[in-house]
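# Inside the fold
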Amino acid sequence: MSLRYALIALLTGRSMTGYDISKSFSRSVAHVWHAPDSQIYPELNRMERDGLLTSVEVPWGKKGTKKEYHVTDAGLADFRAWMESPLVPQRQRDPAYLKAAYFDFADPAAVREQLRQQQAYWEEQLRMLEGTRATLLDRSHPTLAARLSTLNERDAELAVRYKVYAYDGLIARARTELAWIADGFALLEELHGR
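Residues numbered from 1 in each chain as written. Predicted model: local features only at pLDDT ≥ 70, side-chain atom pairs only at ≥ 80, totals over all residues. Heavy atoms only, no water.

Labelled according to an unreviewed UniProt entry, the chain appears under the name Helix-turn-helix transcriptional regulator, originating from Streptomonospora halophila.

In C-alpha coordinates form, the structure reads like this:
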(Lines give C-alpha, C1' and ligand atoms only; values in the text may rest on other atoms or scores of the structure.)
Protein backbone atom coordinates (compact mmCIF):
# COMPACT_ATOMS: atom_id res chain seq x y z
CA MET A 1 0.00 0.00 0.00
CA SER A 2 2.95 2.38 0.51
CA LEU A 3 3.54 2.66 -3.23
CA ARG A 4 0.41 4.76 -3.59
CA TYR A 5 1.63 7.12 -0.88
CA ALA A 6 5.08 7.34 -2.46
CA LEU A 7 3.35 8.33 -5.71
CA ILE A 8 1.15 10.92 -4.02
CA ALA A 9 4.20 12.34 -2.24
CA LEU A 10 5.93 12.70 -5.58
CA LEU A 11 2.90 14.36 -7.17
CA THR A 12 2.56 16.95 -4.38
CA GLY A 13 5.31 18.93 -6.09
CA ARG A 14 3.75 19.11 -9.53
CA SER A 15 1.52 17.27 -11.94
CA MET A 16 3.34 14.73 -14.08
CA THR A 17 2.85 12.17 -16.80
CA GLY A 18 3.44 8.51 -16.04
CA TYR A 19 6.80 8.73 -17.80
CA ASP A 20 7.80 11.79 -15.74
CA ILE A 21 6.65 10.04 -12.57
CA SER A 22 8.77 7.00 -13.39
CA LYS A 23 11.87 9.14 -14.02
CA SER A 24 11.33 11.26 -10.90
CA PHE A 25 10.55 8.16 -8.83
CA SER A 26 13.92 6.63 -9.68
CA ARG A 27 15.73 9.85 -8.66
CA SER A 28 13.95 10.40 -5.36
CA VAL A 29 11.28 8.19 -3.83
CA ALA A 30 12.98 4.99 -5.02
CA HIS A 31 15.69 5.59 -2.40
CA VAL A 32 13.11 4.71 0.25
CA TRP A 33 10.56 2.68 -1.71
CA HIS A 34 11.57 0.60 -4.73
CA ALA A 35 8.98 -0.08 -7.43
CA PRO A 36 9.46 -0.95 -11.10
CA ASP A 37 7.38 0.63 -13.88
CA SER A 38 5.34 -2.58 -14.01
CA GLN A 39 3.99 -1.65 -10.56
CA ILE A 40 3.85 2.13 -10.96
CA TYR A 41 1.56 2.36 -13.99
CA PRO A 42 -1.13 -0.06 -12.70
CA GLU A 43 -1.07 1.72 -9.33
CA LEU A 44 -1.61 5.09 -11.02
CA ASN A 45 -4.68 3.64 -12.76
CA ARG A 46 -6.02 2.22 -9.47
CA MET A 47 -5.44 5.53 -7.72
CA GLU A 48 -7.33 7.36 -10.43
CA ARG A 49 -10.17 4.86 -10.20
CA ASP A 50 -10.20 5.32 -6.39
CA GLY A 51 -10.46 9.10 -6.76
CA LEU A 52 -7.01 9.88 -5.35
CA LEU A 53 -5.76 11.21 -8.68
CA THR A 54 -7.27 12.74 -11.78
CA SER A 55 -5.67 12.86 -15.19
CA VAL A 56 -5.92 14.96 -18.31
CA GLU A 57 -4.74 14.06 -21.78
CA VAL A 58 -1.77 16.17 -22.86
CA PRO A 59 -0.13 16.28 -26.29
CA TRP A 60 2.72 13.87 -26.90
CA GLY A 61 4.71 13.73 -30.08
CA LYS A 62 3.14 14.85 -33.33
CA LYS A 63 -0.26 13.18 -32.94
CA GLY A 64 -0.30 11.32 -29.66
CA THR A 65 -1.41 12.08 -26.14
CA LYS A 66 -0.53 10.83 -22.70
CA LYS A 67 -2.02 11.22 -19.25
CA GLU A 68 -0.85 13.89 -16.85
CA TYR A 69 -1.75 13.04 -13.25
CA HIS A 70 -2.89 15.47 -10.53
CA VAL A 71 -3.52 14.73 -6.85
CA THR A 72 -7.13 15.31 -5.82
CA ASP A 73 -8.27 16.75 -2.50
CA ALA A 74 -9.30 13.21 -1.55
CA GLY A 75 -5.80 12.01 -2.45
CA LEU A 76 -4.21 14.65 -0.23
CA ALA A 77 -6.60 13.82 2.61
CA ASP A 78 -5.79 10.11 2.28
CA PHE A 79 -2.06 10.90 2.23
CA ARG A 80 -2.35 13.07 5.36
CA ALA A 81 -4.32 10.35 7.15
CA TRP A 82 -1.63 7.80 6.25
CA MET A 83 1.13 10.18 7.37
CA GLU A 84 -0.57 10.69 10.73
CA SER A 85 -1.31 7.01 11.38
CA PRO A 86 1.09 4.93 13.48
CA LEU A 87 3.75 3.05 11.56
CA VAL A 88 3.76 -0.69 12.19
CA PRO A 89 7.39 -1.85 12.23
CA GLN A 90 8.13 -4.49 9.62
CA ARG A 91 10.13 -7.58 10.43
CA GLN A 92 13.38 -7.70 8.56
CA ARG A 93 13.76 -9.93 5.50
CA ASP A 94 17.32 -9.55 4.29
CA PRO A 95 19.05 -12.45 2.55
CA ALA A 96 22.50 -11.00 3.34
CA TYR A 97 21.92 -11.58 7.05
CA LEU A 98 20.35 -14.98 6.50
CA LYS A 99 23.35 -16.07 4.46
CA ALA A 100 25.79 -14.60 7.01
CA ALA A 101 24.24 -16.73 9.73
CA TYR A 102 25.09 -19.83 7.65
CA PHE A 103 28.43 -18.88 6.11
CA ASP A 104 29.84 -22.00 7.70
CA PHE A 105 28.20 -23.93 4.83
CA ALA A 106 30.10 -21.89 2.20
CA ASP A 107 33.66 -21.87 0.97
CA PRO A 108 35.57 -18.90 2.45
CA ALA A 109 36.38 -17.65 -1.08
CA ALA A 110 32.65 -17.55 -1.89
CA VAL A 111 31.96 -15.70 1.36
CA ARG A 112 34.71 -13.19 0.57
CA GLU A 113 33.21 -12.59 -2.89
CA GLN A 114 29.73 -12.08 -1.44
CA LEU A 115 31.14 -9.58 1.04
CA ARG A 116 32.96 -7.75 -1.79
CA GLN A 117 29.73 -7.52 -3.78
CA GLN A 118 27.80 -6.21 -0.78
CA GLN A 119 30.60 -3.75 -0.04
CA ALA A 120 30.55 -2.41 -3.62
CA TYR A 121 26.75 -2.05 -3.48
CA TRP A 122 26.74 -0.16 -0.17
CA GLU A 123 29.66 2.07 -1.18
CA GLU A 124 27.73 3.09 -4.31
CA GLN A 125 24.55 3.59 -2.26
CA LEU A 126 26.44 5.77 0.21
CA ARG A 127 27.87 7.95 -2.59
CA MET A 128 24.44 8.34 -4.18
CA LEU A 129 22.72 9.11 -0.87
CA GLU A 130 25.32 11.68 0.16
CA GLY A 131 25.05 13.31 -3.27
CA THR A 132 21.27 13.44 -3.04
CA ARG A 133 21.48 14.86 0.49
CA ALA A 134 23.69 17.67 -0.82
CA THR A 135 21.10 18.55 -3.49
CA LEU A 136 18.41 18.61 -0.83
CA LEU A 137 20.42 20.98 1.33
CA ASP A 138 21.15 23.37 -1.53
CA ARG A 139 17.57 22.92 -2.80
CA SER A 140 18.70 21.97 -6.30
CA HIS A 141 17.10 18.50 -6.34
CA PRO A 142 14.55 18.73 -9.21
CA THR A 143 11.67 17.00 -7.42
CA LEU A 144 12.20 19.03 -4.26
CA ALA A 145 12.66 22.30 -6.18
CA ALA A 146 9.29 21.78 -7.90
CA ARG A 147 7.58 21.26 -4.56
CA LEU A 148 9.36 24.16 -2.86
CA SER A 149 8.15 26.54 -5.55
CA THR A 150 4.60 26.02 -4.23
CA LEU A 151 5.43 26.55 -0.54
CA ASN A 152 6.02 29.53 1.71
CA GLU A 153 9.49 29.78 3.28
CA ARG A 154 8.50 28.16 6.60
CA ASP A 155 6.87 25.15 4.91
CA ALA A 156 9.78 24.93 2.48
CA GLU A 157 12.22 24.79 5.40
CA LEU A 158 10.17 22.01 7.02
CA ALA A 159 10.13 20.02 3.76
CA VAL A 160 13.90 20.33 3.34
CA ARG A 161 14.74 19.53 6.95
CA TYR A 162 12.54 16.40 7.06
CA LYS A 163 13.91 15.13 3.76
CA VAL A 164 17.49 15.66 4.99
CA TYR A 165 16.55 13.82 8.18
CA ALA A 166 15.32 10.84 6.13
CA TYR A 167 18.51 10.81 4.08
CA ASP A 168 20.61 11.07 7.24
CA GLY A 169 18.95 7.82 8.36
CA LEU A 170 19.63 6.16 5.00
CA ILE A 171 23.26 7.33 5.11
CA ALA A 172 23.65 6.01 8.67
CA ARG A 173 22.23 2.67 7.54
CA ALA A 174 24.67 2.48 4.61
CA ARG A 175 27.59 3.24 6.92
CA THR A 176 26.39 0.60 9.38
CA GLU A 177 26.16 -1.97 6.58
CA LEU A 178 29.71 -1.12 5.48
CA ALA A 179 30.99 -1.45 9.05
CA TRP A 180 29.23 -4.84 9.36
CA ILE A 181 30.80 -5.98 6.09
CA ALA A 182 34.25 -4.88 7.35
CA ASP A 183 33.60 -6.99 10.46
CA GLY A 184 32.79 -9.90 8.13
CA PHE A 185 36.13 -9.55 6.36
CA ALA A 186 37.88 -9.41 9.76
CA LEU A 187 36.03 -12.55 10.88
CA LEU A 188 37.04 -14.37 7.71
CA GLU A 189 40.67 -13.41 8.33
CA GLU A 190 40.45 -14.59 11.93
CA LEU A 191 38.80 -17.91 11.07
CA HIS A 192 40.45 -18.79 7.77
CA GLY A 193 43.40 -16.47 7.18
CA ARG A 194 43.82 -15.01 3.70
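Still more to cover.
## Comments concerning the packing of helix H6 (residues 108-137) against helix H8 (residues 153-192)
For the pair H6 and H8, interaxial distance at closest approach is 9 Å and the crossing angle is 160 degrees. The angle between the axes of H6 and H8 places the two elements in the roughly antiparallel class. Note that H6 runs across H8; the crossing there is left-handed. (Axes fitted to C-alpha atoms, helices over the stretch in contact; angles between N-to-C directions. Helix = DSSP H or I, 4+ residues; strand = E, 2+ residues; numbered from the N terminus. Parallel < 35°, antiparallel > 145°, perpendicular 65-115°, else oblique. Left-handed = near helix turned anticlockwise from the far one by under 90°.)

## Details of the pattern of salt bridges
Summed over the entire model, instances satisfying the criterion amount to 11 salt bridges. One salt bridge in this structure joins arginine 4 and glutamate 43, with 2.9 Å as the shortest N-O distance. Taken together, the positions of arginine 4 in helix H1 (residues 2-11) and glutamate 43 in helix H3 (residues 37-49) put the pair 39 residues apart, joining distant regions of the chain. Taking the shortest distance from any N to any O, the salt bridge between glutamate 48 and lysine 67 comes out at 3.0 Å. Of the two residues, glutamate 48 sits in helix H3 while lysine 67 sits in strand S3 (residues 64-71), which places them 19 residues apart along the sequence. Given a relative accessible area of 22%, glutamate 48 falls into the partly exposed group. Through salt bridges with shared partners, a single network forms among Arg4, Glu43, Arg46 and Asp50. (Salt bridge = Lys/Arg side-chain N within 4 Å of Asp/Glu carboxyl O. Buried < 20%, exposed > 50% of the residue type's maximum accessible area, 1.4 Å probe, protein only.)

## Here we look at the domain arrangement of the chain
Looking at the chain, the domain boundaries give domain 1 (2-84) and domain 2 (95-192). Relative placement of domain 1 and domain 2: their C-alpha centres are 26 Å apart. Taken as a group, Gly13, Arg27 and His31 account for 57% of the area that domain 1 buries against domain 2, more than any other trio of residues on that side. In this assembly, domain 1 and domain 2 are joined by zero salt bridges. Between domain 1 and domain 2 we count zero residue pairs in polar contact (both at pLDDT 80 or more) in total. Along the lines of polarity and charge, the residues of the side of domain 1 that touches domain 2 split into two nonpolar, five polar and two charged. (Domains from an automatic or database assignment. Buried area = accessible area lost by both parts, 1.4 Å probe. Polar contact = N/O pair within 3.5 Å; in protein donor to acceptor, adjacent residues only side chain to side chain. Nonpolar A, V, L, I, M, F, W, Y, C, P; charged D, E, K, R; others polar.)

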